[in-house]
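Letter by letter, the chains look like this.
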Amino acid sequence: MAAAPALPTFADISMAEFHRLRQQPGAVVVDVRDEWEFDEFNLGGTNIPLPDIRTRRHELLPYNPLLVICTNGVRSRVAAKDLLRQPEFREKTLYHLAGGIVESEG
């Protein structure tokens, strides 16, 4: 029996890598926190709260790579995994800010 093909994955990145990667042509920062959190403080990019990620994913199709962030890394990890389950994102490069924004404030 043949092994199932490996599912696409994302890479965990540090804040330093985040700042470097966001400069790439075509890159987009996807902040999956709630709107009020984004309004209170953000690192720029597009705010698509986690509950809306599937219905608004078409907004992200023009971009590659995608850098997914949230407060502590939990919601952004869920969002990255969910996006990679969608066929139109399997060829994209996704990065996840490990530890989230709070890790970077220290």
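Residues numbered from 1 in each chain as written. Predicted model: local features only at pLDDT ≥ 70, side-chain atom pairs only at ≥ 80, totals over all residues. Heavy atoms only, no water.

Chemist: What exactly am I supposed to notice about unusual backbone geometry here?
Modeler: Generally, phi is negative for residues other than glycine and the peptide bonds are trans, each holding for most cases. A cis amide bond, omega 10°, links Asn64 with the succeeding residue Pro65. Topologically, Pro65 is positioned in the loop between β3 (46-47) and β4 (66-69). (Helix = DSSP H or I, 4+ residues; strand = E, 2+ residues; numbered from the N terminus.)

Chemist: Looking at this model, I keep getting lost on the pairing of strand β5 (residues 94-97). Mind explaining?
Modeler: Looking along a regular strand, one sees the side chains alternate between the two faces of the sheet. With burial as the criterion, each face of β5 is covered, one bearing Leu94 and His96 and the other bearing Tyr95 and Leu97. Inspection of the sheet shows strand β1 (residues 11-13) paired to β5 by three bridges, in the parallel sense. By the bridge assignment, Asp12 is partnered in β5 with His96. Alignment of β4 against β5, held across three bridges, turns out to be parallel. Bridging across to β5, Leu67 finds its partner in Tyr95. (Buried < 20%, exposed > 50% of the residue type's maximum accessible area, 1.4 Å probe, protein only. Pairing = 2+ DSSP bridges.)

Chemist: Mind showing me how you'd approach the nonpolar core here?
Modeler: Inside soluble globular proteins, nonpolar side chains tend to come together where they are buried. Within the largest apolar cluster, 16 residues are counted, with the highest numbers of intra-cluster contacts made by Val30, Val32, Ile53, Leu60, Leu66, Leu83 and Leu94. Those elements that place two or more of their residues in this core are β2 (28-31), β4 and α3 (74-84). A per-element tally of this core places α3 first, with four residues. Those residues within four positions of Leu60 in sequence are excluded, and the remaining contacts are Val28, Val30, Ile48, Ile53, Leu66, Leu83, Phe89 and Lys92. Of all hydrophobic cores here, the second largest spans twelve residues; its members include Ile13, Val29, Leu43 and Ile69. (Core = buried A, V, L, I, M, F, W, Y, C linked by side-chain atoms within 4.5 Å. Contact = heavy atoms within 4.5 Å.)

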